[in-house]
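# Structural overview
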Amino acid sequence: MDLRTDQHYVEVSQVLREKGLHTVCKSAKCPNRHACWNAGTATFMILGETCTRNCGFCGIQSGRPMAPDLHEAQRVADAAAIMKLRYVVVTSVTRDDLPDGGADHFAQVIRALRTNPGLTGVEVLTPDFNGSEESLSTVAEARPDVFNHNLETVRSLQQKIRPQASYRCSLDVLSRMAQRGTMRIKSGLMVGLGETDDEVLEAIHDLASVGCHILTVGQYLAPERHHYPVQRYVSPDVFDLYREEALKAGIRAVASAPLVRSSYRAAELMKQAEG
Ligand code: SF4
């Protein structure tokens, strides 16, 4: 680890602490955070740290969330400017407790970030908003460059892994956002949860068929002992196979390797998807 990386990492951590902001990079202990922060990319988590859902693979706490912080959008924009970020990913827990699922909060954050001339891209990684057309419109009208929503796993494992979500709903959300033609559409899969390679290829083709431009595929690692157990470690050549198949199916930019996560090299993938 070179000294510059460490120093930059310390500075960024300090800004986040001062602004009272959360990043998925830190809370998920993402293995790529040094590289991403040094590349001027970070992922902010908005709308608190408590999720209204309880997916078996996720390390985020479930329960009754706090009311949204009305100043969060400006704080995210300020922090992005101080950190000299060029590309920002904004994600959140699922807020089924809010009438619009938090869609307007996302829109406010996108608009606040847009006031920062140094930014080349804003990506949102959102929940499914229970498929609400109104919520999807609210986010789309704020014009993020990339709309990301993770399918997470294959059809047969949805009920086990993310019981409050569904394969159909997630594909439908991606399809409707793709039909608008104003954003790059992105999704992500984890493998190692007990799926077969054929099921992964089926999911990849389903994502391509709804207009997905960018795909990430990574190895599932259990955050803690009580989370859903890892069923297999997928070998690098199989990740290559997923990548080749996704490109053949028409997905323009694909990151597929064991340590890939949703925001991995996000700015680069957006560029690749622009063609
Ligand atoms: S909805 Fe998202 S944040 Fe909530 S438990 Fe599931 S994966 Fe985690």
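Report follows, based on the coordinates. (Residues numbered from 1 in each chain as written. Predicted model: local features only at pLDDT ≥ 70, side-chain atom pairs only at ≥ 80, totals over all residues. Heavy atoms only, no water.)

### A few points about the overall build of the chain
Applied cut-off: Working definition: helices are DSSP H or I runs of at least four residues, strands are E runs of at least two. Numbering for both runs from the N terminus. We take the radius of gyration over the C-alpha atoms and set the globule estimate at 2.2 Å times the residue count to the 0.38 power. Remark: exposure states derive from per-residue accessible area (1.4 Å probe, protein chains only) relative to the maximum for the residue type, with buried under 20%, exposed over 50%, and partly exposed in between. Here the Shrake-Rupley method, with its probe set to 1.4 Å, supplies the accessible areas, and only the displayed protein chains count as covering residues. A positive count includes Lys and Arg, and a negative count includes Asp and Glu. His and the chain ends are not counted in either. To locate a charge, take atom NZ for lysine, CZ for arginine, CG for aspartate or CD for glutamate.
Scanning the chain from N- to C-terminus turns up 11 helices and 10 strands. Relative to the compact-globule value of 19 Å for 275 residues, the chain shows a C-alpha radius of gyration of 17 Å, a close match. Overall, the C-alpha framework of the chain stretches about 45 × 45 × 40 Å when taken along its three principal axes. The 275 residues of the chain split such that 53% are buried. Working note: accessible area of the chain is about 12600 Å², and carbon and sulfur atoms make up 51% of it. Counting 31 positive and 33 negative side-chain charges, the chain places the centres of these two groups 3 Å from one another.

### So, the state of the cysteines
The criterion, for reference: Put simply, a disulfide is two cysteine sulfurs that come within 2.5 Å.
All chains considered together, the criterion is met by 0 disulfides. No disulfide involves Cys 212; its nearest neighbouring cysteine sulfur is the one of Cys 169, lying 16 Å away.

### Side note on the side chain of Thr 41
Quick reminder of the rule: We call two residues contacting when some pair of their heavy atoms lies within 4.5 Å.
In this fold, Thr 41 is placed in strand 2 (residues 41-46). Discounting residues that sit within four places of it in the chain, Thr 41 has contacts with Cys 36, Leu 85, Tyr 87 and Ala 267.

### Topic: the site of the ligand
So the rule is basically this: The criterion for a residue being near a molecule or strand is simple. One of its heavy atoms has to lie within 4 Å of it. Ten residues, namely Ala, Val, Leu, Ile, Met, Phe, Trp, Tyr, Cys and Pro, are considered nonpolar, four, namely Asp, Glu, Lys and Arg, are considered charged, and the remaining ones, Gly among them, are considered polar.
In the vicinity of the ligand, the contacting residues are Cys 51, Arg 53, Cys 55, Phe 57, Cys 58, Ile 60, Val 93 and Thr 94. When its residues are assigned to classes, the shell around the ligand shows 6 nonpolar, 1 polar and 1 charged.

### Here's the deal with the side chain of Asp 206
To keep it simple, the criterion reads: Distance and chemistry together define a polar contact, namely a pair of N or O atoms within 3.5 Å, with one atom able to donate a hydrogen and the other to accept it when in protein, and with adjacent residues in sequence counting only for side-chain atoms on both sides.
By secondary structure assignment, the location of Asp 206 is in helix 9 (residues 197-209). Here Tyr 167 takes part through its side chain, which lies 2.6 Å from a polar atom of the side chain of Asp 206. In contact with Asp 206, not counting residues within four places along its chain, are Arg 155, Tyr 167 and Leu 171.

### Comments concerning the packing of helix 6 (residues 133-141) against helix 8 (residues 167-180)
For any two helices packed against each other, the geometry is given by the interaxial angle and the distance between the axes. The following threshold applies: Angles shown run from 0 to 180 degrees and are taken between the N-to-C directions of axes, each axis being a line fitted to C-alpha atoms and, for helices, limited to the stretch in contact. Each angle gets one of four labels, with under 35 degrees taken as roughly parallel, over 145 as roughly antiparallel, 65 to 115 as roughly perpendicular, and the rest as oblique. By definition, turning the near helix anticlockwise from the far helix through less than a right angle yields a left-handed crossing, and turning it clockwise yields a right-handed one.
Contact geometry of helix 6 with helix 8 gives a least axis separation of 11 Å together with a crossing angle of 45°. The angle between helix 6 and helix 8 places the two elements in the oblique class. For the element pair helix 6 and helix 8, the recorded crossing hand is right-handed. Every residue of helix 8 that contacts helix 6 at Glu 133, Leu 136, Ser 137, Val 139 and Ala 140 is listed here: Val 173, Arg 176, Met 177 and Arg 180. Across the contact of helix 6 with helix 8, the residue classes break down as 5 nonpolar, 1 polar and 3 charged.

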